[in-house]
Every structure is written in C-alpha cells, then in structure tokens.
Amino acid sequence: MSADTTAEEAATATVDDEISPDDGILAVDGLRKEFGGLVAVDDLSFAVQEQEILGFIGPNGAGKSTTFNCVTGTYPPTAGTVWYKGEEVTGTPPHEMVKRGMARTFQSFAPLEDRSVLKNVALSMMNDNLVTMDGLLGEFHEEARAICERVGLGDRLHQTPAELPHAGMLRLELGRALGTDPDLLLVDEPFAGLSGPEVESVSDLLLELRDEGMTLVVVDHNMRGLLQLIDRAIVINFGSLLAEGSPDEITNNPEVQEAYLGGGLE
Amino acid sequence: MTDNSKSRLRLLLGQLNPLGLPLRQKIGVFGLAFLIALPLLVSLPVVGQFVVMILPASSWELGLYNVAAALFFAMFAMSWDAVSGYTGEISFGHGLFFAVGGYTSAMLNMGHGLSPWVSVLGGVLLAAVAGVMIGVPALRVEGPYLSLVTLVAPLILLQLFIFMSDIFGGEQGLSNPENLVGLGFVSNYFLALGLFVAVFALLWALTRSNTGSILTAIREDEDAVSAAGLSKAKFKIFAFVLSGAIGGLAGAVYVHTPVGSPTPSELMSVIVNVEVIIAAVLGGMGTIVGAAVGGLFVAMLPDYLNLVEFTVPVIGKSISEMSFFLFAIVTLFLLNIFPGGVLRWGIALGRRATGRDGGKEGMAADGGQSPEDTGTNPVAQTMERYQEYYDNMFGGDDE
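Thresholds, definitions, all that
- Residues numbered from 1 in each chain as written.
- Chains lettered and ligands numbered in written order.
- Predicted model: local features only at pLDDT ≥ 70, side-chain atom pairs only at ≥ 80, totals over all residues.
- Heavy atoms only, no water.
- Helix = DSSP H or I, 4+ residues; strand = E, 2+ residues; numbered from the N terminus.
- Buried < 20%, exposed > 50% of the residue type's maximum accessible area, 1.4 Å probe, protein only.
- Areas by Shrake-Rupley, 256 points an atom, 1.4 Å probe, with all protein chains shown as cover.
- Pairing = 2+ DSSP bridges.
- Expected span 1.5 Å × (residues − 1).
- Arc of directions from axis to C-beta.
- Contact = heavy atoms within 4.5 Å.
- Axes fitted to C-alpha atoms, helices over the stretch in contact; angles between N-to-C directions.
- Phe/Tyr/Trp six-rings, centres within 6.5 Å; stacked < 30°, edge-to-face > 60°.
- Salt bridge = Lys/Arg side-chain N within 4 Å of Asp/Glu carboxyl O.

In the nomenclature of an unreviewed UniProt entry, chain A corresponds to ABC transporter ATP-binding protein from the organism Halorientalis pallida.

Structure below.
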C-alpha cells in the first residue's frame, strides 16, 4: 500500500499548494471552465516542467480537451490563471500562443485539404507580415521539406492530406506543429488508431524532440503506449485533478483504477 | 544590398523572362502585348481591318471605349476575387466600394474643385475606410451572415443617395466629372489599360506570395491558420481593405473617363454586384487571372451580342434585343460545365496536351495551390463553408 499513499500524497500536495508563475514552463492555477450550467473544468492546477514529457490522462469527457483549449486560448477560461514561460497568458488568442512557442496537434486532424503535405507544413513556417516577397520564390520549401522528412512524410511531400493513411495524418499534424518552432508541444491523442510499430516510431520521434530541448504534454484517455514514453502523469476526472505522479504511481492508484472501472489501464 | 537579396532579385527577374515562362503565362503575356498594341494595330492597313472586326463595336473608336470599359469591369472583378475568391467570405455587394470610390472622387472634383488626379486618391481612401467597415464586422459575422451584410450595405447607400438626391443625384446619379485624360479614344484606352496592368501586377504578386497562401488557408480552415501562429483577423481585415481600396480606385478612375459616370446603375446596382461575382467565378475563383479574363469576357459578351443582326425567326426578336438574356444563359451554361472556372480547366487541358506534370514547375501557381494538386476547388470549399454555418444555425454539433 505504500505506493498508493505516496501517490495520494503527491496528489494532495499539488491541490493544496498554490501554483506560482515560475513553477514550470507552463503553470495553471485554479482553472475553471463552465459551459452554461456545466462545469467542464473545476479548479484545476498543475505545472509542466521544462523538457519533461507529461502525460495528461483522464477518461472520455474528463475535461482534457477543454483544459487544453483554455490553455491554448481557443476558449477564455471562466476563472483561473495560466502562465507560460513565467508570463501571464490567460485568454491570449491561439495564434499569439503559437507565436510565443506553444504548438498543438488536433485530435480530429485539421490539415488544409486543398494543398500538399509540403505546403501544409510551409504554412506553419510563415510569419504574418501582410506584404511580403516571401513565397514568390518558394524558399520556405527547403525547411518545410526537412520537417516533413523528420516526421516520416519525406516520400509523401506532394500528396494531399486526403491521400494519407491515418498514421500519416498524425505525422502531418506533428509536422504542422513543428513548423511553428515550438518550445512546448501539446499532442492530443497521438496513439489513437495506430498499430504497435507506429506507436513505437511516433514515441521515438517525441523522445527525440524532448532530447533536443522540447517540452511535451501528451493527452490521452488511456495509457496504452504512454507508460514507456512519459516521465510523469496527471490524471483528471470530472474536470478536477485525481492523481499526479510517475507512471507506476498512477497505475497503482486505486482512485485512478476506480475512475477507469478497472478496464482502462491495459 | 546583401549577396542574398541580390541573388533573390536575380531569381525573381529570371522568372520574369518571357521565354522561361510556362505556356499559360506565355499566353497571358501575349494577350497583354496584344492589348497594348491594339490602338496601333487598328491603324495598320490590312491587319487593321481584321482587328476592327474582332473588336466589340462597329468602329475602332467605339471598340476602344468598350474594351476600356471592360478593363474597368475586370478590375472590379479582380478586387472581388482578392477578398471573396481568396478568403471565401462572399461579398454580394462589392458595388459599395466602386460607388464609394467613384462618388467620392466625382464630388471632390465637382463640388470642391479638386483636380481629378487628387480626388481619385480621396475616393481610394474612403473606399479603404469602407473596407474596414465591412472587414471588422466580418470577424464576428461570418459566412451567410456576412454575405447578408454585404448585400444590404449597398442598398442602404442607394437609399441614402435617393432620399438625399439633391446631393447624390438619386437614381440618375451625378453628372460627369472632369476627365483625367480628356476625351481621346486612345489616351483613355491606355489609362484603363495602365491601371488594369498595375492592379493586376499588385494583386498577382500579393496572392502568389505567402499572403496568398494564408488567405486561401482562411478559406479552407480558419483554425488551421490560428494553429500556424497566424492572425486570421489581421489577414481578413487586410483583404477587405485591399479589395475596397482597389475597387474604389477602379471606380474613381472609371468616373473620370468618358466610358463611365457616377451613377448607381453603373457602379452599385444589383446587376453589377452579381456580374462581378459571375465574372470571377466563371474565370476561376481565387486566381486573380481568372477574374481578369472573366471580367473582360463578361463585360464584352453583351457588346458582341449587340452586334449580331440576326432575328430569331419564330419569336421575331433580334439577338441584340435579347443580349442580356442570352448573356445570362451563356454564363449559366459555362458555370455548369466549368465549376472550377475556365482558367483551371484550360490549364489542366494544356498540361494534359503538352504532357507536362504541374508539380515540376516549382513555383506555387495560385497562391499556394495549383489546380492539379487540389482535390477541392474554391467554389466547393466555399459551399462547404456555408454548409457548415447552416448546419450550426439549425443546432448542428460543433464537435
């Protein structure tokens, strides 16, 4: 039972402690999001350390996506504060967050269907000057090509997103996110629908990015494929923090097991 | 100048070398050269006879006027394409900008005695302000709602013109302001052509740069634009202001030529608003070139039909009497067989004929999309966009 107590201690410790701006590259304090009468995220506080791979876990409908939509500026939170790199960024619009170095992938995949893989990635690399000579000569394509090769789409540069297999779409999401040159990358459900070897190769890519100095937050509703990858996990349920700790601590936590009815932690 | 920017300049200049151009651009350069040489060609002996025959009028003087008017209309269509063709926010009332530009310049010239060269700038400025006034709401109201706003805005302006007819001349419009370059057929033709080339060059370069890619990305998926760290608000307002200013410029110069005058029917009637859309979509939405070609076609087709002295036997009406009716039929037919626009169809056909692969041309053709690697054309994209809004309107699910 000792593992359980440490996990609970870790969990309670964070709930009680106030999060301050310098607790990590990303610090979230007392985040709350209501939709009408529904409380999707309820007083959630956590911090992400630089260069860690954090698993952000919870059953379906736990509020994971809403949390990240609040952090990335898609929705303004009802209450609470978000700090990124020590600066307050609560309610900053999504494109500003991207410019500050926070990128995300979309679980539902949101590529531009009307252009090639290469041009999808190239869009992420553009800066937002209104009048520019850039692009008239196609000089972005070299860097965009390098990113495509990195995420494993080197041989599919000129295909459209519709021609990609499921795993290719995920790789494209990663490529588009990497194109913005992020310091923190939020990856939403990367392993859903991937085969074993695909999970492994995506994991290798994420580990490689971390080794180069990137911080990663991986959102998922189960832990398949996640345990080997992450350094630490945060588990939420019904919009609030349930547990926090190392992968081992999380899997042995009875409350987490309860939340998943024993079935989610393969 | 650094070495890097020097080599970039050389690359850019190299791309302007007509011999190195792809076939479709060679055709464009040839077409432009023909337009430039046109006034000279009509004065040549045998060639002149032939050229007058293909002009949309019975004499070369009127022909030049009609072509000049068509060039202005092509500018209107290009200004529409720059915002609606690229961002997918369809404006049903672009005449607002033409009218604001034209009326402002005419009134500054006639009422305050400003030289038309100066008053035109006033028209451009106020049309750009009108662009802000439509562009800022466009951030909140989107899709069909925005279209409704753009549909109503010129109607409000028209009502203003009517009930304050002592100032704006009501439905008759204003009398002709001073001309920029007098009444000369050739000088006015070159004025129109020069402005057409300038507007075309500006819009072409802008839409082929990254700006064009970003605008078409807004049309395809706004969230993806934000996720790329780009401010969709900034680019949308920019597109409206740019389009408004260029539409206003064309409208302002138009009223200071003998081919146009500041009247609601020429600048802002429902027919003008719709014809501009037809021209751009028919030519190829979101390409600028398509709007230019489509604009010339749509403006000159009725002129050509007017020349036909044939009477349809059974109903006893001549072709010229039914010219607008026939024009509508022809455009409807063309829109059906070329939903992506005549330009895209032509390019695809040309590539198939010359057996070349579009991907090898290197440069992005249409602001980041070339007709062959698109699974979806802009018209389909815009329809999809509107479908989404309608779904949401009737309680559809966002997720």
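Bringing the overall build of chain A into the picture now. When helices and strands are tallied, chain A shows nine helices and 10 strands. When each of the 266 residues of chain A is scored for burial, the buried share is 58%. For chain A, the accessible area works out to roughly 10,800 Å², and carbon and sulfur atoms hold 48% of it.

As a further point, take the pairing of strand E4 (residues 79-84) of chain A. Residues and elements named next belong to chain A. Bridge count for strand E1 (residues 26-35) against E4 is five bridges, and the pairing is antiparallel. When the bridges of E4 are listed, alanine 27 appears paired with tryptophan 83. In the sheet, E4 pairs with strand E5 (residues 87-88) via two bridges, with the strands oriented antiparallel. Looking at the pairing, tyrosine 84 lines up with glutamate 87 of E5.

This brings us to helix H16 (residues 323-337) of chain B. Residue and element names in this part refer to chain B. The end-to-end C-alpha separation of H16 is 21 Å, in line with the 21 Å expected for 15 residues at 1.5 Å each. Restricting attention to buried positions, one finds in H16 the residues Ser323, Phe327, Thr331 and Leu334. When H16 is viewed along its axis, its buried side chains cluster within an angular range of 65° and face the same direction. Relative to its buried face, H16 has exposed residues pointing more than 90 degrees away, namely Phe325, Leu332, Phe333 and Asn336. At its buried positions, H16 is contacted by helix H14 (270-284) and helix H15 (289-307).

Residues and elements named next belong to chain A. Strand order in this open sheet of six strands is E6-E7-E8-E3-E9-E10, and the pairing throughout is mixed. One side of each edge strand has no neighbouring strand; the edge strands of this open sheet are strand E6 (102-104) and strand E10 (240-245). Mean inter-strand twist for the sheet, computed between neighbouring axes without regard to direction, equals 20°. As defined by bridge partners, strand E3 (residues 53-57) adjoins strand E9 (residues 232-237) across four bridges and the pair is classed as parallel. Counted as the bridge partner of glycine 55 is alanine 233 from E9. Most of the contacts of helix H6 (residues 166-178) go to strand E7 (residues 184-188), to which it runs at about 160°, and overall it touches E6 and E7.

Tracing the sequence through the fold places arginine 176 of chain A in helix H6. In this structure arginine 176 of chain A touches Phe106, Ala110, Pro111, Asn120, Val121 and Ser124 of chain A together with Ala224 of chain B, once residues within four positions along its chain are discounted.

What follows concerns the packing of aromatic side chains. All names here are of chain B. Summed over all chains, the structure comprises 14 aromatic pairs over all chains. For the ring pair phenylalanine 73 and phenylalanine 76, a centre distance of 6.5 Å and an interplane angle of 75° mean the geometry is edge-to-face. In this pair, phenylalanine 73 and phenylalanine 76 both sit in helix H4 (residues 60-87), three residues apart, roughly one turn of the helix. As far as the burial class goes, phenylalanine 73 and phenylalanine 76 line up, both buried. Ring plane angle 10° and centroid distance 3.9 Å describe the contact between phenylalanine 76 and phenylalanine 98, whose orientation is recorded as stacked. With phenylalanine 76 in helix H4 and phenylalanine 98 in helix H5 (residues 95-112), this residue pair connects regions lying 22 residues apart in the sequence. In this pair, the class of phenylalanine 76 matches that of phenylalanine 98, namely buried.

It is worth spelling out the environment of valine 132 of chain B at this point. Residue and element names in this part refer to chain B. By secondary structure assignment, the location of valine 132 is in helix H6 (residues 116-135). Residue valine 132 is classed as partly exposed on the basis of its relative accessible area, which comes to 37%. Taking C-alpha positions, valine 132 is 5.7 Å from valine 241, a pair spaced 109 residues apart along the chain.

Residue and element names in this part refer to chain A. Enumeration over the complete set of coordinates arrives at 19 salt bridges over all chains. Across the pair glutamate 212 and arginine 150 runs a salt bridge whose closest N-O atoms are separated by 2.7 Å. You can see glutamate 212 sitting in the loop between helix H7 (196-211) and strand E8 (215-220) and its partner arginine 150 sitting in helix H5 (residues 140-150), a full 62 residues away along the chain. A salt bridge links aspartate 211 to arginine 210; its shortest N-O distance comes to 3.5 Å. You can call aspartate 211 exposed: its relative accessible area is 58%.

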